[in-house]
Amino acid sequence: MKTHVRVAVIGGGVVGASVLYHLAKLGWSDVMLLERKELTAGSTWHAAAGFHALNADPHIAALQGYTIKLYKELQAEGLQDLGLHMTGGINMAGTPERWEWLKAAWALFKTMGMESELVGPEEVKKICPIADVSGIYGGLYDANEGHLDNYGATQAYARGARKRGAEIVLNNRVLELNPRPDGGWDVVSEQGTIRAEHVVNAGGLWAKQVGLMAGVDLPVTPMEHHYLITEEIPEVKALTKELPLAVDMEGFTYLRQEHQGVLLGIYETRPKHWNVEGAPWNYGTELIPEDIDRIAPELEIGFRRYPCLQNAGIKRWVNGAFTFTPDGNPLVGPVPGLKNYWVACGVMAGFSQGGGVGLSLAQWMIEGEPEADIYGMDVARYGDYASNRPYLKAKTGEFYARRFVLTYPNEQLPAGRPVKTSPVHDAMKAEGAQFGALYGLEFPLYFAPKGEDFRETPTLKRSNAFPIVAREVKATRNGVALLDTTAFSRYEVSGPGAEAWLDHLLACRIPGPGKARLAPMLSPSGRLTGDLTVFSWGGGLYWIMGSYYLQAWHMRWFRDHLPASGVALRDISDEVTGFSIAGPKSRDLLAAVTGADVSQAAFPFMTCREMDVGLCRAKVGRLTVTGELGYEFNVPASQQLALYHTLQEAGRAMGLVQIGYNTVNSLRMEKSFGVWSKEFTWAYTPGMSGLDRFIAFAKKDFIGRDAALKERDHAPAKHKLVTLEIAAEDADASAFEPVWLGERRIGFVTSGAYGHFVGKSLAMAYLDRDVAAPGSTVEVHIIGIRRKAKILPGPAFDPEGSRMRA
Ligand SMILES: Cc1cc2nc3c(=O)[nH]c(=O)nc-3n(C[C@H](O)[C@H](O)[C@H](O)COP(=O)(O)OP(=O)(O)OC[C@H]3O[C@@H](n4cnc5c(N)ncnc54)[C@H](O)[C@@H]3O)c2cc1C
């Protein structure tokens, strides 16, 4: 066993093995995997080992597609038989709503370059002859689904890694992780201590404990999961073709062939956690006793869907455990606040996702960033709040129970809420606020009529909140609106090196005292890492502002780029909050609550200053995300309620209306303002997104400068962000719908909303530049139906931007 390695991967399940394989494949051969027992000794050995590409997050779906492709390559490499059964897979729709959802998913798959097929009930029956298709509306068939041998898949990664120089040490539990002064780790194991530059926690069922060894409490927990394997079934034996991987979501089951019988797995609605603190260290390959009473309701549905099961003998019950995170997606990447400590854990579907997780993590470690936008599985999408045990149990339980339940984009799930509320939460609630939750924070979506027990209908189409949002949009454009800005993040930057550091960190020119500026942030390879706003309050005090839910993500990036001294950085998101007011009457409202001169001459667009507002001393910026004249107030959290009353009181005579973020979404779409996670992500560049117009290319030094210049001067982006007006009557685009020019797929939607003031269904989309001319007619898939759309020359509302500068 080596005593010095570049990377120590802890855990030899399918995920750890994939990480090791990808590290070695991408060129880091001085890597070691340490396994407590044998390879596959965690969840991996008893998985049903089915794989599929379908995932609600299209980026993750694409990585699942990569995993499946990789199996064929590994099989072809010939080091290990993977026992690959490419049977194809069918997802059945048992309700009209699910059928609609599958049609929408089919279109999203097209955007990801993945081919699947929509088939009617008769075809479903042909594909899966043992299914009773009564009540089935149709299915989504994907030829690239199937199952493989658990051990074979893990061994294939391991052998591929060994061939490329990696070392695997079995029967060697890691006992301690001790940080070294040089930023590396002393990995104390049963067989001795290894000095590693980096460690990767791929501890699966033990990931929680391997996290705690480094002082990090990861939001991950094991849960039980059942499947059964039948004896030989005559109807299966008689088949001429192997059964597909069949998922009956309304029935909560998945099924595949196992020899001449079947394997039936159940996602029950009454799930059970198992060793929330992680599996016991002496846990071997024993199974958890089956709990048939708990899964009986779902089992019964499964037996009705596949009637031949009713007479089949059950050869084996498997009740095993695997890990879940609050949203069911993996935890991948560098853990914020730690040096050289990486995770690849919380992987619920290791056989679908293991390849993509391994690839992304290896790219991140070796090249500094993963190629794909994997925010959906980035460990930094959570803060400490998510590791609270009751929260973790509530959210993972909710996720498990809803694994096969149709979830709509406008649905707000109830578990684990509220965790964080703004000081005005209750007051807003009394006014009818309906809340969403992100990063634990409750934020207003819109304000329903006061006193009504309003419930938004979950739907892919326009919901019953449509007229409410319409009213808020119109009130903003015609008068003045009030928005709680607790959902913004705020970072304070000060110290003698503050300006120089910001100048290096951000691609824009750093504003002088009393000014604010939009601030793109880039990675060294020239991709977007932030669409922030920087404020200079004077006296060397700066703020960076962004979205609340990205706090850990932003702070990890900032800290990674901080100089050794001279800059003080603080996340003040939970200390400072405020409101935004927007609309043509907002200056009148501000003037009514402050003694300061707030005339256009004294307080122009994109400036900022401190002033008294009612009883509060507020830091005020003249900007909003609505495209209207507007202001953002920032006060200590303890004063937000006072500020609320001040603005409400003064605003009453002016018809002040409270709005939420669904309304902001319609307003910003009318202005073609992109937002993070939609138009701007890690996968896109300044030239694609149009954020290049905020880059100060003349600056001598900032992160990503060379790449951004290269894109500008020599390698223009192939795609372009445009706004579409869509002929859609009942539904609006959401994200990732394909855009067509005839039969050519020319791009995809990033986000969509109804523009209530302009009266148009709008979307923003990345299109191939050669066909992105304004005025062209294209088509967009919305819920599986192609709709005509027009490329707009600019924003649908106030293209000159005169209103916000007024
Ligand atoms: C019943 C059941 C059915 C399933 N069906 C499917 C399916 O059909 N498709 C699918 O994709 N997924 C399925 N899964 C989930 C799948 O098993 C997991 O996603 C996958 O195995 C996770 O792999 P892993 O490598 O992250 O974790 P694990 O398999 O748990 O591996 C972790 C490894 O780390 C080692 N380890 C931990 N701590 C240490 C330490 N301190 N020192 C050294 N080694 C350590 C352990 O011994 C273990 O080998 C199923 C799981 C179960 C239980």
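You'll find the structure just up there.
Residues numbered from 1 in each chain as written. Predicted model: local features only at pLDDT ≥ 70, side-chain atom pairs only at ≥ 80, totals over all residues. Heavy atoms only, no water.

Enquirer: Describe the overall build of the protein chain, naming the residues involved and giving the relevant values.
Expert: The secondary structure content of the protein chain amounts to 20 helices and 37 strands. Relative to its full complement of 806 residues, the protein chain shows a buried share of 62%. Here the protein chain has roughly 29500 Å² of accessible surface; of this, 52% comes from carbon and sulfur atoms. Taking the 83 positively charged and 90 negatively charged side chains of the protein chain as two groups, their mean positions are separated by 4 Å. (Helix = DSSP H or I, 4+ residues; strand = E, 2+ residues; numbered from the N terminus. Buried < 20%, exposed > 50% of the residue type's maximum accessible area, 1.4 Å probe, protein only. Areas by Shrake-Rupley, 256 points an atom, 1.4 Å probe, with all protein chains shown as cover. Lys, Arg positive; Asp, Glu negative; His and termini not counted. Charge placed at Lys NZ, Arg CZ, Asp CG, Glu CD.)

Enquirer: An account of the nonpolar core is requested, with residue identities and associated values reported.
Expert: Soluble, globular proteins show a tendency: their nonpolar side chains are buried together. Counting residues in hydrophobic clusters, the biggest one holds 194 residues, and the most contacted among them are L177, Y341 and L724. Residues contacting L724, with those up to four places away along its chain left out, are V739, S761, L762, A763, A765, L767, V778, V780, K790, I791 and L792. Grouped together as the second largest cluster of nonpolar side chains are 29 residues, A433, F579, V635 and L656 included. (Core = buried A, V, L, I, M, F, W, Y, C linked by side-chain atoms within 4.5 Å. Contact = heavy atoms within 4.5 Å.)

Enquirer: Provide a residue-level description of the side chain of R622, including the pertinent values.
Expert: Within the secondary structure, R622 sits in the loop between β29 (616–621) and β30 (630–636). For the buried R622, which has no salt bridge, the nearest side chain bearing the opposite charge is E628, at an N-O separation of 9.6 Å. One polar contact links the side chain of R622 to the main-chain carbonyl oxygen of A806, over a distance of 2.9 Å. (Salt bridge = Lys/Arg side-chain N within 4 Å of Asp/Glu carboxyl O. Polar contact = N/O pair within 3.5 Å; in protein donor to acceptor, adjacent residues only side chain to side chain.)

Enquirer: Describe in detail unusual backbone geometry, supporting the description with residues and values.
Expert: The phi torsion of most residues other than glycine is negative, and most of the peptide bonds are trans. For the bond from R417 to P418, the omega torsion is -10 degrees, close enough to zero to count as cis. Within the fold, P418 resides in the loop between α10 (389–401) and α11 (425–430). Here N275, not a glycine, exhibits a phi torsion of approximately 45 degrees, which is positive. Looking at the secondary structure, you find N275 in the loop between β15 (261–266) and α8 (292–305). Under the relative-accessibility criterion, N275 is labelled partly exposed at 34%. One non-glycine residue, Y439, lies in positive phi territory at about 55 degrees. Take Y439: it is sitting in the loop between β19 (433–438) and β20 (441–447). The exposure class assigned to Y439 is buried, which follows from its relative accessible area of 10%.

Enquirer: Tell me about the packing of aromatic side chains, and name the residues and values.
Expert: Under the counting rule described, the total for this entry stands at 35 aromatic pairs. Ring geometry for W342 and W364: centres 6.4 Å apart, planes at 70 degrees, overall edge-to-face. Of this pair, W342 sits in strand β18 (residues 341–345) while W364 sits in helix α9 (residues 350–367), and the two are 22 residues apart along the sequence. Between the aromatic rings of F736 and F748, the centroid separation amounts to 5.9 Å while the plane-to-plane angle is 15 degrees, which identifies the pairing as stacked. Of this pair, F736 sits in the loop between β32 (719–726) and β33 (738–741) while F748 sits in strand β34 (residues 744–755), and the two are 12 residues apart along the sequence. (Phe/Tyr/Trp six-rings, centres within 6.5 Å; stacked < 30°, edge-to-face > 60°.)

Enquirer: Let's hear about the pattern of salt bridges: which residues, and what values?
Expert: Evaluation of the coordinates by the stated rule reveals 50 salt bridges. Here D730 ties to K461 by a salt bridge, and the two come within 3.9 Å at their closest N and O atoms. Within this pair, whereas D730 is found in the loop between β32 and β33, its partner K461 is found in the loop between β20 and α12 (466–478), the two being separated by 269 residues in sequence. Residue classification places K461 among the partly exposed residues on the basis of a relative accessible area of 33%. Salt-bridge contacts for R712 lead to D713; the nearest nitrogen and oxygen are separated by 2.8 Å.

Enquirer: I'd like a description of the site of the ligand, backed by residues and values.
Expert: Neighbouring the ligand are 41 residues; E35, T44, V347, G350 and F351 lie closest to it. In the model, an oxygen atom of the ligand is placed 2.9 Å from a nitrogen or oxygen of the S43 main chain. Coverage of the ligand by the protein chains reaches 97% of its 1000 Å² of free accessible surface. Within the residue set of the shell around the ligand, elements represented by two or more residues are α1 (14–25), β12 (221–230), β16 (314–324) and α9. Classifying every residue of the shell around the ligand gives 22 nonpolar, 16 polar and three charged. (Near = heavy atom within 4 Å. Nonpolar A, V, L, I, M, F, W, Y, C, P; charged D, E, K, R; others polar.)

Enquirer: Report on helix α13 (residues 498–505), specifying residues and quantitative values.
Expert: Where α13 is concerned, the buried positions are A498, W501, L502 and L505. Looking straight down α13, one finds that the buried residues subtend no more than 100 degrees of arc, so they occupy a single side. Structurally, α13 contributes buried residues whose contacts are with β22 (488–494), β23 (515–522), β24 (528–538), β25 (541–547), α14 (551–560) and β26 (568–571). (Arc of directions from axis to C-beta.)

Enquirer: Hey, could you go over the state of the cysteines for me, with residue numbers and the actual values?
Expert: The term disulfide refers to a covalent linkage connecting the sulfur atoms of a pair of cysteines. Counted under the stated rule, the structure contains zero disulfides. With no disulfide of its own, C128 lies 8.7 Å from the sulfur of C308, the closest cysteine sulfur. Between C616, a free cysteine, and C608, which holds the nearest cysteine sulfur, the sulfur-to-sulfur gap is 18 Å. A relative accessible area of 2% means that C616 is categorised as buried. (Disulfide = S-S within 2.5 Å.)

Enquirer: Lay out the environment of L63 with the relevant residues and their values.
Expert: Tracing the chain through its elements places L63 in helix α2 (residues 58–77). Separated by 626 residues in sequence, L63 and S689 place their C-alpha atoms 23 Å apart. Residues in contact with L63, not counting those within four places in the same chain, are S352, G356, S360, I374 and M377.

Enquirer: Talk me through the packing of α1 against α2; I want residue IDs and the actual numbers.
Expert: Orientation of α1 relative to α2, taken along the N-to-C sense of each, is 70 degrees, at an axis distance of 14 Å. Between α1 and α2, the interaxial angle falls into the category roughly perpendicular. For the pair α1 and α2, the contacting residues are Y21, H22 and K25 in the first and Y66, L70, E73, L74 and E77 in the second. Among the residues forming the contact of α1 with α2, the class breakdown is four nonpolar, one polar and three charged. (Axes fitted to C-alpha atoms, helices over the stretch in contact; angles between N-to-C directions. Parallel < 35°, antiparallel > 145°, perpendicular 65-115°, else oblique.)

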